[in-house]
Structure formats: structure tokens, C-alpha cells
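Examining the three-dimensional arrangement
Read off the chains here:
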Amino acid sequence: MEDEVILWKDRKHHMWFPFSFTKYSVSKNTLYVESGFFKTNYDETLLYRIVDLRLTRTFGQKIFGTGTIELFTRVDTQHVIELKNIKHSKDVRRLLSTLIEQIRNDKNVVGKEFYGMMGGGHGPLVDMDGDGQPDMPEDVDGDGIPGC
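Here the structure is a predicted model, which is why all the values come from computation and not from measurement. (Residues numbered from 1 in each chain as written. Predicted model: local features only at pLDDT ≥ 70, side-chain atom pairs only at ≥ 80, totals over all residues. Heavy atoms only, no water.)

**Details of the side chain of Thr30**
Which entries qualify depends on this criterion: Every helix listed is a DSSP run of H or I at least four residues long, and every strand listed is a run of E at least two residues long, numbered separately from the N terminus. We call a residue buried when its accessible area falls under 20% of the maximum for its residue type, exposed when it is over 50%, and partly exposed in between, using a 1.4 Å probe and counting protein chains only. By definition, residues are in contact when any of their heavy atoms lie within 4.5 Å.
Following the sequence through the fold, Thr30 ends up in strand S3 (residues 30–35). Judged by its relative accessible area of 6%, Thr30 falls in the buried class. Excluding its chain neighbours within four sequence positions, the residues that come into contact with Thr30 are Glu4, Ser25, Glu44, Thr45, Leu46 and Leu47.

See below:
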């Protein structure tokens, strides 16, 4: 993360004050979430693995100029990531949507209708060798199921 260009960063807000130990940042390829004080968790999610997003703004969030973005992902650890109480939430949602679409096109990620088709949800098919075609997962453990 140190050598990547950060395109957006913010903290979780309480009312309009950014007094929180939860930090969010986005680079061209990755979403980073750092949370905690005594025990700090560092999570990162590749943007192409996000399949949907939702912006929610309660009445209180509208008053204080914040919102919550929910990111629905195809990862094994956390299926929904919440960017809670962030400033300029509409602009951030637009930025994330644009970056996600851009990276999915760059990596030739097959549309979300194909997610999970290879034996129980092993993620998207990605063009790893640069030939313009999505690559099929390999049968890594010899059980006849690709990617497992």
C-alpha cells in the first residue's frame, strides 16, 4: 500500500466528527480498511471482486453529510464490506463504481452471472495469461473440481 497512489481516503465519522479508529482508502485496484485501536485489523479487497454496491443515507446521516456504502463481494472472508458514515458518500459511490468497472474491463473479468459456476463459487474467471480469454481454474488438488 505504501507505493500505491491512494485515490480516496476517509475515516468513519460520528456525526460530522472523524473521531474513529476505522480508516478507509482506495487505490486504482484495491480497497483498504484499517480498524481497531489495541488490536488493529488490516483488510484489503481487490476491486474486481466487488459485484455490487449500495448507498444508504439515514435521516441523521443526511443531516451530518455522511452515508454508508455497502460493497457486496465474491471473497471467502467477508461478503459485505461497509464503509460506514463517510463524507461525500454519493461521490465515493460514483468513484468506486467507475474504478470497479474499469478494473473488471482491464482484467477481462467475466460478468457476475458466471460467478460461482465452477463447482460452488470459486470466484470470477480472469484472463491471467493475457490472451483476451478468461482462463479456467486448474484442478490443483486432483479431485476433478477446478480451483478446489
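Right, picking up where we left off after that structure.
**As for the pairing of strand S7 (residues 80–87)**
Remember that side chains alternate between the two faces of the sheet whenever the strand is regular. As a reminder of what qualifies: In this scheme, strands are said to pair when DSSP sees at least two bridges between them.
Note: strand S6 (residues 66–73) against S7, 6 bridges, orientation antiparallel. The partner of Glu70 across the bridge, within S7, is Glu82. Taken together, S6 and the strand that follows it, S7, pair antiparallel across an intervening segment of 6 residues.

**A closer look at the packing of aromatic side chains**
Where we set the bar: Stacked, edge-to-face and tilted labels apply to pairs of Phe, Tyr and Trp rings (six-membered ring for Trp) whose centres lie within 6.5 Å, assigned for plane angles under 30 degrees, over 60, and everything in between, in that order.
On inspection of all chains with the given rule, the structure shows 2 aromatic pairs. When the centroid spacing of 4.7 Å and the interplanar angle of 45 degrees are considered together, the rings of Phe21 and Phe37 count as tilted. Of this pair, Phe21 sits in the loop between strand S1 (8–11) and strand S2 (22–26) while Phe37 is found in the loop between S3 and strand S4 (41–46), placing the two residues 16 residues apart along the sequence. Each member of the pair, Phe21 together with Phe37, is exposed. Between Phe37 and Phe38 the ring centres are 4.7 Å apart and the planes differ by 75 degrees, which places this aromatic pair in the edge-to-face class. Phe38 shares its class with Phe37; the two are exposed.

**Section: the sheet that holds S1**
Selection rule: For helices, the axis comes from a line fit to the C-alpha atoms of the stretch in contact; other axes are also lines fit to C-alpha atoms, and the angle between any two N-to-C directions lies between 0 and 180 degrees.
As summarised here, the arrangement of the 4 strands in space is S1-S2-S3-S4, forming an open sheet in which the pairing is antiparallel. The outermost strands of the open sheet, each flanked by one partner alone, are S1 and S4. Adjacent strand axes in the sheet meet at a mean angle of 10 degrees when their direction is disregarded. Pairing of S1 with S2 involves 4 bridges; the strand directions are antiparallel. When the bridges of S2 are listed, Asp10 appears paired with Tyr24.

**A short note on the pattern of salt bridges**
Going by this rule: Counted as salt bridges are all cases of a side-chain nitrogen of Lys or Arg within 4 Å of a carboxyl oxygen of Asp or Glu.
A full pass over the atoms with the stated rule returns 3 salt bridges. Glu82 serves as the salt-bridge partner of Lys84, at 3.6 Å between the closest nitrogen and oxygen. For Lys84, a relative accessible area of 33% puts it in the partly exposed group. In this structure Glu82 comes out as partly exposed when scored by relative accessible area, which is 34%.

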